[in-house]
Structure formats: C-alpha cells, structure tokens
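Results of the structural survey
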Protein chains: 2
Amino acid sequence: MITIKDVAKRADVAPSTVSRVISNHPAISEKTRDKVRRVMDEMGYMPNVSARRLVTKQSNTIGLLLKTASKEMTQNPFFTDVLMSISKVCKDNHYSTVVSTSMNEQELLSEVSELVNSNAVDGFILLYSKSNDPVVSYLQSINFPFVILGKKLSPLSNEIYIDNDNVMAAYQLTDYMINLGHKNIVFIAENSTYAVNEDRVLGYSRACQQAGLMPEVFEGAAGTEEVSGIIAEIKTMLPRPTAIITSDSMMNLNVLSELYQQQLRIPDDIQTATFNDSYFNESACPPQTVVNIYPESLGAEAGSSLIEYLNHPEMIKRSIIIPTSIIERSSTKPLKERVL
Amino acid sequence: MITIKDVAKRADVAPSTVSRVISNHPAISEKTRDKVRRVMDEMGYMPNVSARRLVTKQSNTIGLLLKTASKEMTQNPFFTDVLMSISKVCKDNHYSTVVSTSMNEQELLSEVSELVNSNAVDGFILLYSKSNDPVVSYLQSINFPFVILGKKLSPLSNEIYIDNDNVMAAYQLTDYMINLGHKNIVFIAENSTYAVNEDRVLGYSRACQQAGLMPEVFEGAAGTEEVSGIIAEIKTMLPRPTAIITSDSMMNLNVLSELYQQQLRIPDDIQTATFNDSYFNESACPPQTVVNIYPESLGAEAGSSLIEYLNHPEMIKRSIIIPTSIIERSSTKPLKERVL
C-alpha cells in the first residue's frame, strides 16, 4: 500500500506537505499542490478516509447554502424536498448538516468563511447558481469542496453541478400548452439574476417562436403589488392571453390569488401551469399542471456527489442532469375556440 | 453517589452488562434489561451525562425527530419554520443537525436507537407530542437528553416542553368567529392521536358551549376523498354552517380546494380560518385568517433549551409556553344576517 511518505519522497517534499495538500490547507502554493496531486495520481495514492479524519478533525458536517434564508425561500417546497433528501443521504453516510441563515449575499460570504475557518463543515452544497458568485470564487480560491445544485454557467468550469435542463423543461411545457390549442401564452417570471429563471424564460420563448407565436414575458417580485398589476394588464391585452406559465410555484401561488381576486376563473377564463410539483400545487384551486423537476433526486445526487468527492478528492467531477416530466392537472385542458 | 458497579452488584450482573443496558445494546436480553432497569430505579441511579460524554466523544449534533417524514409533514411550513430556527440556534452554538427520515413509529424507534448507539447525536428535539410514545420511553430509560416541541401530556412529567396553549388559541379563534356573528361553526380536524389536534378541538368546543352553540366536529385525513365528503355533507346541513375552522394549514388547503370545486365562495358563501401562518395562507384564495403560533419562537426556544441542558445537565427542566395571536385576513368578515 502506498503511504503519504512514499508520495512525499517521489514529489520531493516533506510528508507534512502531502498531508496539507490532502486536507486542502490554504498555506500550500498552487504549484506545490499541483505537483503533489500529480504524483498522488501517478502512484495511485488513496487517502485513508478514517485515518485522515482522525488527524484532520473532520467535522462530518455538510453546509447547505441558500441564496437567502427568507421565508419565501425556506417555505418553498422545492427547498424542503431538496433539504430532506440531502439530509437523508447525509444521515445514511454519518454526516450531519448546517443550513445558512444569511439574508443576503454579503452576509452569506462571511457566514461561509466563518464555517470554513471554524472547521465546522467539510464541504458545501449551494442550492442556487448565479454568475460571478463571490461564494464560489472564495471556495475555489481556498480549494474547499463544494457542489452546486443549479446550472453550470461556464463550459470551462471544473465543478460538480446537479441540475435539470430547465430550457428543455420550459420548452416542453410551452409546447404542451400550444398543443392544447393556446395561441396567446404569457410567461410571468420572478425578476432575478438566477440562472433557473433565465433558462425557463428562454425555453418558453423558443417554443413560442418555433410555433410562430409571439412570446410575452412579464417580470415581477413574488408577494408584491407588481403581480397584481401584471394580472390587471393581462386582462386588458388584445387578443387576451388564454394561458399563463409562471417561473416557479411561489410565483404561481401569487398569480392564482390575484386571478381569484380579479375574478378570472381557471381553467375556463384562463389556464395556468408552473414548475416543481408539491402538495401546494396538488391542493391548489384548482390543482395545477406542473413540470416535475424531481427535487428529491436533485438533493440525493447533490449529497452523494459531495460525499463521494470528500472521500475521493481525486475523482472526476462529473455533473448530473436529472430529467423532468409534465404532470397534467385540471388547471389546463384542450382549448375551445373563443370569439374575442 | 451510586455507580454502575453498585448497580451491577445488586443486580448480580457484570458492570459491562449495566453499561450495555444504559446504551441500549441489542445483545442484552429483555429479561436482563428489565432487571437492571428495575435495580437502577430502586437505587435511584442516574447515569452521569457529562462523564458519559467525555468517554463517548460528543458529536455536537442534535437529532430532529418528525412524527413522519411524509411529504405532507415535511412540506408543511410549520415544520420548515421550526427547522430553520432550530438550525440557526444550533449553528450559532456550533451544533449541526440530523433529521429523522422514518415513515412510521416503529421505524422511528430503530432510527433513534441507531443514532444513539452510533454516538451520532448529543440530544433530540421531538417535533411532536403523543401519549405513550415509545421513543420518549426509550430516551427516558437510557437518560438521553431530549426536548419536546409539543404538549406536556402528564403533569408529573419531568421533561422540557416547548408549546403554545392550543386550547386557548382555538378558544380565542372560535370566540373571534362568534363575535363576527357566526352561530353555526364547524371544525374539521385531522384524525390523529397527536395532542395538538385534540387541544384545538377542545378549545373550539368550549367556546361554542360557552356561547350556547352546538359544536360540530368532523374528522378526516388531509389529502383524501374524506375531505370532499365532509364538504358535501356540510353543504346539506340545516341550518347551513357559515364558517369552517380547520385544525391546521394543510387541512385548510384541502378544504379550500374542495370548497372551490364544490363552488362555495369564501367569504360570501362560507368563511374559513385555521392555525399557523405561512406564505401559503397569505397567498391563498382568498388570504386566510389564522392564529399565529410563532413557529420561529417555538424552534428557537426548543434549540436553546436543549443546548442549555446539554451544557448544564443539572439545570431545572423548565417548560415554555409561547403566546399566540390572531391575524385577520379576507377569509373572515362580519356576518350579515341571511335567510336560509
């Protein structure tokens, strides 16, 4: 069996340097780190996980990072489903979890750095993906293990991403609505810089264009007066839209509430569909057609990928795409021709 | 002070057998376990929590136990809010968490015993309270730290309970409806053996009786055909009920969906109110009047009480009652006299 000493000898460094490379110590230069890793790979060296843990005081804890710990985020069933499935995988592998509680990006960065510096976690799962994320830059700069549950934003990125194909999911949902006979479908999106919304808007727009229809995208913040204004505007559009697709379940709830208050009945006056299935879509008035994005699978893959990486830091960081499917409910139905 | 050796001598077993009984080792026969436990009780032996921890390597992890890890439970915003606030307190005190994933009581007991025996957790928070709970009996028998987020079921119990006064909360909500002019209010309760439902039914019944009204309680399982049947039955009652109080938010969602499908409009045809505020009650069709039970405070108190107890095992196990308040929304309003 190959030991740390063997690696140290071949790489011409002290054994303590090899240990530090294995434990991702920040004081090791990139040059040394690369050299030692290369030798480890060449010799087929595998760190002994149990022994390493004894030495490095691993926490056996995984940090879960939310884009914000706001109620709108944490009460979202997507979050809950993902959290529960990550927790299950962690528990089965003797890991526990801590969840970020920051309300904005700046706070989150200090929270992450505190968790790292107090050795509170062995790795992170980011439950969001956004461009130029300072958290990602920080974790990369100290070579700290993490997995992103969200979109791979750069083809050059060498990180582990777990995601659905949200362009495809939105394309399929829009196409399904077009096949029901809709010619005027609007899309209401949460206004944000997060990749998932952009991809869903893109998939919707492509499906519309391909069918020779004009895409119409409204942006607003869920839980605000903006949604009320959007619905009022939709009511006055000519020809009047016959269907609304929303970028996620929480926005959809808002839209349903506004449609109810502005006395548009579903599915007779207007039809609705959204993304991510949950108890709330199933019990909505009426039950909602949704794209099932399988949050449990996303969570389980994120958890097991990170744990696998923690145990085998030399592994290839492969990304995983979970397929989606449409669940048809009574918020959509074949459209009868209407005289407007 | 009585030691393991004293117990072993009196019970006529080896000291290691006593240790094994304390740690619930599976290789101990029921007969031996009962005998040793009886002797421990007779002699007033209490395992020294701090000493045990020094030996057993603390995990700095808290286990959160759900009555079941079903979607209906985990997608309940009450659970999410409590979980997030416990997580925050834990993180601030350098504890992480593991969440139970069992789907029933029998599984939960083995899950708990496995967490205890693998030293995976230092203590538990039970997010439910029920009579004759085998999990509570087990934890008491091994003197393992826990806190119950729920009702104190026996006045003699010497455990830490964090709860609202649910009898009072339901009494106040019913009284509020009576003051709006309602004379026929029905209560739809989740059929279960959990204390919270029983207390809410009790508070409702008391308020009705005190006002000279006849309480009418329906029981059903949320998410089933039963709820549909209950609404159909309510429609045929004479005089027809003018208000429905539901035992919790998830049941309320079901009731709203059924009312919508059976074409009873809120608040004009019938009014509704429930317990526990969330995004889903705020965005319901129409927004729902609820009793705010302050899940964040319940979670924060449960977390900090357990951590305080872990650090000070000698402390007095005081229970905490969090007050409640009514949030009025458009699902309720003063009732106009109707000719039925």
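The shown structure was predicted, so the numbers you read here are calculated from the model rather than taken from an experiment.

**Here's the deal with the overall build of chain A**
- Within chain A, the regular secondary structure consists of 14 helices and 12 strands.
- Here chain A holds 340 residues, and the buried ones make up 57% of them.
- Counting only carbon and sulfur atoms, one obtains 52% of the accessible surface of chain A, whose full area is about 14,800 Å².
- For chain A, the separation between the mean place of its 31 positive charges and that of its 39 negative charges on side chains is 6 Å.

**A look at unusual backbone geometry**
- A cis amide bond, omega 0°, links isoleucine 266 of chain B with the succeeding residue proline 267 of chain B.
- Structurally, proline 267 of chain B is set in the loop between α12 (249-261) and β9 (271-275).
- A cis geometry characterises the amide bond from cysteine 285 of chain B onward to proline 286 of chain B, with omega recorded as -10°.
- Checked against the element boundaries, proline 286 of chain B lands in the loop between α13 (279-282) and β10 (289-292).
- Positioned with a positive phi, asparagine 119 of chain A is a non-glycine residue whose angle comes to about 55°.
- Tracing the chain through its elements places asparagine 119 of chain A in the loop between α7 (105-117) and β3 (123-126).

**As for the interface of chain B and chain A**
- In this complex, chain B contributes 45 residues to the contact, which on the side of chain A involves 45 residues.
- For the pair chain B and chain A, the two sides together bury roughly 3,800 Å², of which 63% comes from carbon and sulfur.
- By the criterion of area lost to chain A, the three top residues of chain B are Gln75, Tyr260 and Tyr279 of chain B, representing 20% of everything that side buries.
- One can count 2 salt bridges joining chain B with chain A.
- Of all the secondary structure elements, the ones that give two or more residues to the side of chain B that touches chain A are α5 (71-74), α6 (77-92), β2 (96-99), α7 (105-117), α12 and α13 of chain B.
- Residue contributions to the side of chain B that touches chain A peak at 9 residues, all from α6 of chain B.
- Across the side of chain B that touches chain A, the residue classes break down as 22 nonpolar, 15 polar and 8 charged.

**Some details on the domain arrangement of chain A**
Residue and element names in this part refer to chain A.
- Taken domain by domain, chain A consists of domain 1 (4-53), domain 2 (56-165 + 295-324) and domain 3 (166-293).
- A separation of 29 Å is found between the C-alpha centroids of domain 2 and domain 3.
- The interface is formed by 20 residues belonging to domain 2 together with 19 residues belonging to domain 3.
- Summing both sides of the interface, domain 2 and domain 3 together bury roughly 1,600 Å²; the carbon and sulfur share of this comes to 52%.
- Contact with domain 3 buries surface across domain 2, with Glu72, Asp165 and Thr324 losing the most and accounting together for 32% of the total.
- For the interface between domain 2 and domain 3, the tally reads 1 salt bridge.
- For the interface between domain 2 and domain 3, the tally reads 7 residue pairs in polar contact (both at pLDDT 80 or more).
- Sorting the residues of the side of domain 2 that touches domain 3 by element identifies α6 (77-92), β5 (160-164) and α14 (295-311) as the ones contributing at least two each.
- In terms of residue count, α6 provides more of the side of domain 2 that touches domain 3 than any other element does, 3 residues in total.
- Class assignment of the residues belonging to the side of domain 2 that touches domain 3 gives a composition of 8 nonpolar, 5 polar and 7 charged.

Analysis parameters
Residues numbered from 1 in each chain as written. Chains lettered and ligands numbered in written order. Predicted model: local features only at pLDDT ≥ 70, side-chain atom pairs only at ≥ 80, totals over all residues. Heavy atoms only, no water. Helix = DSSP H or I, 4+ residues; strand = E, 2+ residues; numbered from the N terminus. Buried < 20%, exposed > 50% of the residue type's maximum accessible area, 1.4 Å probe, protein only. Areas by Shrake-Rupley, 256 points an atom, 1.4 Å probe, with all protein chains shown as cover. Lys, Arg positive; Asp, Glu negative; His and termini not counted. Charge placed at Lys NZ, Arg CZ, Asp CG, Glu CD. Contact = heavy atoms within 4.5 Å. Buried area = accessible area lost by both parts, 1.4 Å probe. Salt bridge = Lys/Arg side-chain N within 4 Å of Asp/Glu carboxyl O. Nonpolar A, V, L, I, M, F, W, Y, C, P; charged D, E, K, R; others polar. Domains from an automatic or database assignment. Polar contact = N/O pair within 3.5 Å; in protein donor to acceptor, adjacent residues only side chain to side chain.

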